[in-house]
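# Summary of structural features
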Amino acid sequence: MIWNRDAETAPRAERESLQLRRLQAAVEWATDRVPFYRERLAGTAVSRREDLRRLPFTTKPDLRDQYPFGLFAVPLSELARIHASSGTRGKPTVVGYTAADLDVWREVMARAMVAAGARPGDLLHIAFGYGLFTGGLGFHDGAERIGMTVVPASSGNTARHHLLLQDFRPAGIAGTPSFALHIAESLREQGGKPDALGLRYGMFGAEPWTEGMRAALERAFGCPAFDIYGLSEIIGPGVAAECEAREGLHIADDHFLPEVIDPASGEALPDGREGELVLTTLTKRALPMLRYRTGDVTALDLAPCRCGRTSARMARVKGRADDMLIIRGVNLYPSEVERTLLTLEDLVPHYQLVVDRTGTLARLEVQVEPAPALVERCGGFAADHPALVALRTEVAGRLRAALGLTVETSIVAPRTIPRSEGKAVRVVERR
Ligand code: DLL
């Protein structure tokens, strides 16, 4: 099923001419109403799609400088809602929506969820946080638009999730991959059967995850797991999502125009090349974003998908450009470590990277936990048990082969790696 067949399967040429018309209107809207854009875009005309490349980028620091409402294009009285992303330091990034923006958000979320198998009448268990974070309410509104029944469970309180999932038996679950896995793992530890909950699909996102994580989630819940991407600055979840083909995420590119650039030079890269995703909102009223640098690393594919949708697709996000670690001259993303770790059955799918910058050279320690079955075979956890020593050697060898880097590997006691209730923190810095 396709939620909006006309929009989602429009031929490429038709799509591109709609994009150009909307881009022109968006540039006009932003320059007329936002002093920041008026100053920067004075005299810039957009008559062809390629002219997009002449517009300056908008960045996270621009949003921070204009905190809280400086980039809004409508008076506060015309806003229907405000969200914010927490930001690790300092003030949050504040975003706003008019009633029409919320309609666009519901529309793109409905497309995303239907592509994952959601249907009117389904019960949906939402394990994303509600509140200023866009995850909970984004899924909530989209599900209501489809005509689903929502269980707004929110994040945290894992025991409550177990109870609701077992007693209500929803068709679908939505949450961060790390929290969903924690729900499944802890349920299993208590004698429950997460793979017998009757779930038909899981929709996961808000943090980078790998194919290994997908396999772990599918095994845990006994249903397919779909990737949904988005960011508050652009709208929230629903910017892009996988369909049943699962060959990249369909970008709602009639609302959000994608480009991929070389993060160092800012030059646009050809389709298929990996770089930083830049998005321009085409229809957003309250907070138009022209060439927003997401920081997320991906590649674009314009070929039509075998599902029939014709939008541009993006590859699974590898991570944020600023999450890249440089260890003894080697660049690596936490997701590359995850890719290796999750091929090992004797490990649980939780891990942490500890970066020690106290010496002259940064050192990386990868902490992993043995799977419960292995600990049982060892008669309890003892780091010097030969089976665990062998496991450590195996993990270290695989990481060395995959990363081209020797990293310290530690097998830590079960349950020592913190479990996530929202976005997982994979990297801990020691300075
Ligand atoms: O995380 C919106 C969201 C909620 C998306 C629920 C999907 C599901 P922010 O808190 O503003 O918004 O964080 C956005 O999270 O720039 C990416 O770095 C990361 N991210 C989001 N989805 C994915 C994904 C929400 N599917 C930032 N894969 C983005 C990888 C993701 N990273």
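As a reminder, the structure under discussion sits directly above these lines.
Just so you know, these numbers come straight off a predicted model, no measurement behind them.

Take the site of the ligand next. Lining the immediate surroundings of the ligand are 22 residues, of which D227, I228, S232, D296 and K423 lie closest. In the model, an oxygen atom of the ligand is placed 2.6 Å from a nitrogen or oxygen of the D296 side chain. One nitrogen or oxygen atom from the side chain of K423 is found 2.8 Å from an oxygen atom belonging to the ligand. Protein chains bury 94% of the 600 Å² of accessible surface belonging to the ligand in isolation. Elements represented by at least two residues in the shell around the ligand include exactly α6 (134–146) and β7 (225–231). Top element by residues in the shell around the ligand is β7. It accounts for five residues. Among the residues making up the shell around the ligand, the classes are represented as 10 nonpolar, six polar and six charged.

Turning to the side chain of R111, a few remarks are in order. On the secondary structure map, R111 appears in helix α5 (residues 99–115). When near neighbours in sequence (up to four residues on either side) are disregarded, R111 contacts W3, N4, A7, E8, A252, D254 and H255.

A few words now on the sheet that holds strand β6 (residues 201–205). The mixed open sheet is built from nine strands, whose spatial order is β4-β3-β5-β6-β7-β8-β9-β14-β13. Either end of the sheet is taken by a strand with one partner, and the two such strands are β4 (149–151) and β13 (300–301). Relative to β7, β6 is paired through four bridges, and the arrangement is parallel. The residue of β7 that forms the bridge with G202 is A225.

Next up on the list: the pairing of β7. Within β7, six of the seven residues are buried, which leaves it mostly tucked inside the rest of the structure. Read as a crossover between parallel neighbours, the route from β6 over helix α9 (residues 211–221) to β7 is right-handed. The pairing of β7 with strand β8 (residues 236–242) spans four bridges and is classified as antiparallel. Looking at the pairing, I228 lines up with A241 of β8. If you look at the hairpin formed by β7 and β8, you'll find four residues sitting between the two strands.

Attention now moves to the packing of aromatic side chains. Counted according to the given criterion, the structure contains six aromatic pairs. With a centroid separation of 5.0 Å and an interplanar angle of 75°, the aromatic rings of F36 and Y37 are classed as edge-to-face. Exposure class is identical for F36 and Y37. Each is buried. Measuring from centroid to centroid gives 5.9 Å for F204 and W209, while their planes differ by 85°, and the two rings are edge-to-face. Overall, F204 belongs to the buried group, its relative accessible area being 1%. Aromatic rings pair up to connect F128, F133 and F139 into one cluster. The positively charged end of R293 is found above the aromatic ring belonging to F57, 5.2 Å away from the centroid. It is R316 that lies over the ring of W209; its NZ or CZ is 4.6 Å from the centre.

About the thresholds
- Residues numbered from 1 in each chain as written.
- Predicted model: local features only at pLDDT ≥ 70, side-chain atom pairs only at ≥ 80, totals over all residues.
- Heavy atoms only, no water.
- Near = heavy atom within 4 Å.
- Polar contact = N/O pair within 3.5 Å; in protein donor to acceptor, adjacent residues only side chain to side chain.
- Areas by Shrake-Rupley, 256 points an atom, 1.4 Å probe, with all protein chains shown as cover.
- Helix = DSSP H or I, 4+ residues; strand = E, 2+ residues; numbered from the N terminus.
- Nonpolar A, V, L, I, M, F, W, Y, C, P; charged D, E, K, R; others polar.
- Contact = heavy atoms within 4.5 Å.
- Pairing = 2+ DSSP bridges.
- Buried < 20%, exposed > 50% of the residue type's maximum accessible area, 1.4 Å probe, protein only.
- Right-handed = clockwise from strand over helix to strand, strands pointing away.
- Phe/Tyr/Trp six-rings, centres within 6.5 Å; stacked < 30°, edge-to-face > 60°.
- Lys NZ or Arg CZ within 6 Å of the ring centre and 35° of its normal.

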